[in-house]
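A look at the structure
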Amino acid sequence: MNRIYDFTLSLFAGVCGLLLIASVAVMLGFLVGQGGSVLGLKLIFGSTDFREIIDIILLRQVVINALWPALIGTFLLVFTALITALPLGLGVGVYLAEYAGKPAKVFFSLIFDLLAGVPSIVIGLFGFSVTIYLHSHFSDLMPCLLISGMSLALLVLPYLVRTTQSALEELPSALRVTSFALGAEKSSIILLVLLPQALPGIFSGIVLAIGRAAEDTAVIMLTGVVASAGIPRSIFDNYEALPFYIYHTASQFSNQHELQQGIGAALVLLIICTLLFTGAGLLRKKATHHFLYHSK
Amino acid sequence: MIPGRVVEIENLSFYYGAQRVLNNLSCGFAGHSICAVTGPSGSGKSTLLTTINRLWEEVDGARVEGVVKVLLDNMEIDLHESKIRLAQLRRKVGMVFQIPNPLPMSIYKNLTLPLRMAGIKNRDQQRQRVERVLQDAFLWPEVKMRLQSDARLLSGGQQQRLCIARAMILEPEILLLDEPTSSLDEGAVSEIENLLLNLKERCSLIMVSHDLEQVARIADSSVELVAGSLV
């Protein structure tokens, strides 16, 4: 009887895995099949001439009708969101795992579960409302890269808090006892022992946050993204972004080529996310090695 | 405090929640010697050790009554009265555990961690101290070429010698040892016993052991605990 259970369970688990892989494969296949042919320098820079491309990269030439500004915009967005959210997320995660009492933990957990459940369009509206408020009361602030980045930070904050907290809480208690016995203050245990050990968990949160910040459309739609803004001159400027480009193209394309470009943009976004994830993975390895093994 | 002693315990009782682990216990441990604490499992031997570096305070629901005095820098300190900082106390009263507990990092980082936590940041000084404690622990020849590798890859005996070296790196005056050889094979045990005999010059050792032959071999004095009381 047990063997039948065993077999059924492993079959079920295997089929579930296959289904998931198959659906991702179908989606990727669709994207590559539809948009793969436009993938190339022309899609990104609108030109294949190297001199022109270098001029574009050095901001000496404006790109029209290509992905370059959206690509840069997406990078800047992810960067701004992470810079804002990381210190906050790590700080709150450390507080919850190491310092908070039971009631504070329950309260904060509820708050962050709520925040994680807020639809991104609502966060976009919130960013938009804050901008309007600031605009009418204090300055001539307009929807811009900074506002979008900070709204996205709010969106990804729960992931960073949760992963940091659970990465710290899952560490064996022997680490703490050993460190205490070696004459450690709590703060140095956290900085020198626990956080380095929790790096893999923290980085998985960062990867989640990168993905979320790179692909979200609703938040940026209300807080500063514009279809043809070009490359922003400062964080107070409008900008373009890949997910919005995809959305815009999908809703307003007028011929087959434009649609293909939109699908190409989706592929580019996937590639960029993959690159960012790989970068985060490498950084994790480097950081772990630096904190735990390197001794120069 | 009786002259020659470094730890003096008076009327000490210890509770985990409602359970009494140590029962109105009084004893003392002499300096620069190996004092053994023996007794059956569950008699409170390890608990007695943790009252000397106050490690019990990291355990939820633990409570203590009575007096524990230690002699540090020739000053008598009443652990429950004085305002000595816990980290400061534990740098002077080192501890080695039953199961070798190298931290999941390199051999070198394991040894420099207490230094860094105590604010000793000078790299040369760190290197010198690491080499010295590893020499003292008879471990230097075995690990000098692999200081960067994971400490958990060492054998059990090597790990325990590393832990003793780590406990000694801040030059404590008292070293607490909680059955330091019970998880090791015979060869490793005798290496560690030699090491402990050598350490007597530098600090006072208080060792929990349930191996009476070991106690006869290396201890200068011993007390026996049964059910939280001295026999």
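Model, not experiment: these values are computed from the prediction.

Procedures and definitions
Residues numbered from 1 in each chain as written. Chains lettered and ligands numbered in written order. Predicted model: local features only at pLDDT ≥ 70, side-chain atom pairs only at ≥ 80, totals over all residues. Heavy atoms only, no water. Buried < 20%, exposed > 50% of the residue type's maximum accessible area, 1.4 Å probe, protein only. Helix = DSSP H or I, 4+ residues; strand = E, 2+ residues; numbered from the N terminus. Pairing = 2+ DSSP bridges. Right-handed = clockwise from strand over helix to strand, strands pointing away. Expected span 1.5 Å × (residues − 1). Arc of directions from axis to C-beta. Contact = heavy atoms within 4.5 Å. Polar contact = N/O pair within 3.5 Å; in protein donor to acceptor, adjacent residues only side chain to side chain. Disulfide = S-S within 2.5 Å. Axes fitted to C-alpha atoms, helices over the stretch in contact; angles between N-to-C directions. Parallel < 35°, antiparallel > 145°, perpendicular 65-115°, else oblique. Left-handed = near helix turned anticlockwise from the far one by under 90°. Nonpolar A, V, L, I, M, F, W, Y, C, P; charged D, E, K, R; others polar. Phe/Tyr/Trp six-rings, centres within 6.5 Å; stacked < 30°, edge-to-face > 60°. Lys NZ or Arg CZ within 6 Å of the ring centre and 35° of its normal.

**Notes on the pairing of strand S7 (residues 174–178) of chain B**
All names here are of chain B. Burial analysis of S7 places 5 of its 5 residues in the buried class, which makes it a mostly covered element. Alternating positions in S7 separate into two faces, Ile 174, Leu 176 and Asp 178 on one and Leu 175 and Leu 177 on the other, with burial throughout. As defined by bridge partners, strand S6 (residues 93–96) adjoins S7 across 4 bridges and the pair is classed as parallel. Its bridge partner being in S7, Val 93 is matched across the sheet by Ile 174. Relative to strand S8 (residues 204–208), S7 is paired through 5 bridges, and the arrangement is parallel. Note that in S8 the partner of Asp 178 across the bridge is Val 208. On the question of chirality, the crossover connecting S7 to the parallel S8 by way of helix H7 (residues 186–199) is right-handed.

**Looking at helix H4 (residues 123–136) of chain B**
Residues and elements named next belong to chain B. In this model, H4 (14 residues) spans 20 Å end to end at C-alpha, consistent with the 20 Å of a helix rising 1.5 Å per residue. Restricting attention to buried positions, one finds in H4 the residues Gln 126, Arg 129, Val 130, Val 133 and Leu 134. The arc that holds every buried residue of H4, seen down its axis, measures 125°, which confines them to one face. Buried positions along H4 lie against helix H3 (107–117), helix H5 (140–143) and helix H6 (156–168). In this structure Asn 122 caps H4, since a side-chain oxygen of it lies 2.9 Å from the backbone nitrogen of Asp 124. Backbone geometry just after H4 places Phe 138 at a positive phi near 55°.

**Thoughts on the state of the cysteines**
Two cysteines form a disulfide when their sulfur atoms are joined by a covalent bond. In the structure shown here, the tally under the stated rule is 0 disulfides over all chains. Take Cys 27 of chain B: it sits in no disulfide, and the sulfur closest to it among the cysteines is that of Cys 35 of chain B, at 9.3 Å.

**Focus on the sheet that holds strand S3 (residues 34–38) of chain B**
Residues and elements named next belong to chain B. The sheet built from 6 strands is open, its strands ordered S6-S7-S8-S3-S9-S10 with mixed pairing. The sheet is open, and its two borders are formed by S6 and strand S10 (229–230), each paired with just one other strand. In the packing of H6 onto the sheet, the strands contacted are S6 and S7, and the crossing angle to S6 comes to about 170°.

**Considerations on the side chain of Arg 176 of chain A**
Residues and elements named next belong to chain A. Within the secondary structure, Arg 176 sits in helix H8 (residues 173–181). With relative accessibility at 19%, the residue Arg 176 sits in the buried group. Looking at Arg 176, its side chain comes within polar contact range of the side chain of Glu 98, at 2.6 Å. Every residue in contact with Arg 176, bar those within four places of it in the chain, is listed here: Glu 98, Leu 168, Glu 169, Leu 171, Ile 189 and Leu 194.

**Remarks on the sheet that holds strand S4 (residues 62–72) of chain B**
Residue and element names in this part refer to chain B. Read from one edge of the open sheet, 4 strands run S2-S1-S4-S5, paired in antiparallel fashion. Edge positions in the sheet fall to strand S2 (19–30) and strand S5 (75–78), since each has one partner strand and no second. Averaged over all pairs of adjacent strands, the angle between their axes in this sheet comes to 5°, without regard to strand direction. For S4 and S5, the ladder comprises 4 bridges, and the chain directions are antiparallel. Within S5, the position partnered with Val 70 by the bridge is Ile 77.

**Focus on the packing of helix H5 (residues 102–117) of chain A against helix H7 (residues 145–169) of chain A**
Residues and elements named next belong to chain A. One can describe the packing of H5 onto H7 by two numbers: an axis separation of 8 Å at closest approach and a directional angle of 140°. Overall, the two elements H5 and H7 adopt an arrangement that is oblique. Relative to H7, the crossing made by H5 is left-handed. Each of Lys 105, Ser 109, Phe 112, Asp 113, Leu 115 and Ala 116 in H5 lies in contact with H7, whose residues at this interface are Leu 154, Pro 158, Val 161, Arg 162, Gln 165 and Glu 169. Of the residues contributing to the contact of H5 with H7, the split by class is 6 nonpolar, 2 polar and 4 charged.

**Brief notes about the packing of helix H4 (residues 68–99) of chain A against H7 of chain A**
Residues and elements named next belong to chain A. Running from N to C, H4 and H7 point in directions that differ by 35°, and their axes come no closer than 6 Å. Once H4 is placed against H7, the crossing between them reads as right-handed. Residues that form the contact of H4 with H7 fall into these classes: 21 nonpolar, 8 polar and 2 charged.

**Here's the deal with the packing of aromatic side chains**
All names here are of chain A. Inspection of the entire model under this criterion finds 8 aromatic pairs over all chains. Look at Tyr 95 and Phe 108: their rings are 5.7 Å apart centre to centre, the planes differ by 70°, and that puts the pair in the edge-to-face class. With Tyr 95 in helix H4 and Phe 108 in helix H5, this residue pair connects regions lying 13 residues apart in the sequence. Look at Tyr 95 and you get partly exposed, because its relative accessible area is 33%. On the basis of relative accessible area, Phe 108 is assigned to the partly exposed category, the value being 28%. Measuring from centroid to centroid gives 6.2 Å for Phe 244 and Tyr 247, while their planes differ by 35°, and the two rings are tilted. With a gap of 3 residues between them, Phe 244 and Tyr 247 both fall in helix H11 (residues 242–252), about one helical turn apart. You can call Phe 244 buried: its relative accessible area is 11%. By relative accessible area, which is 43% here, Tyr 247 ends up partly exposed. Cluster of aromatic residues (ring-pair linked, three or more members): Tyr 95, Phe 107, Phe 108 and Phe 112. Seen from the ring of Tyr 99, Lys 186 lies directly overhead, with NZ or CZ sitting 5.1 Å from the centre.

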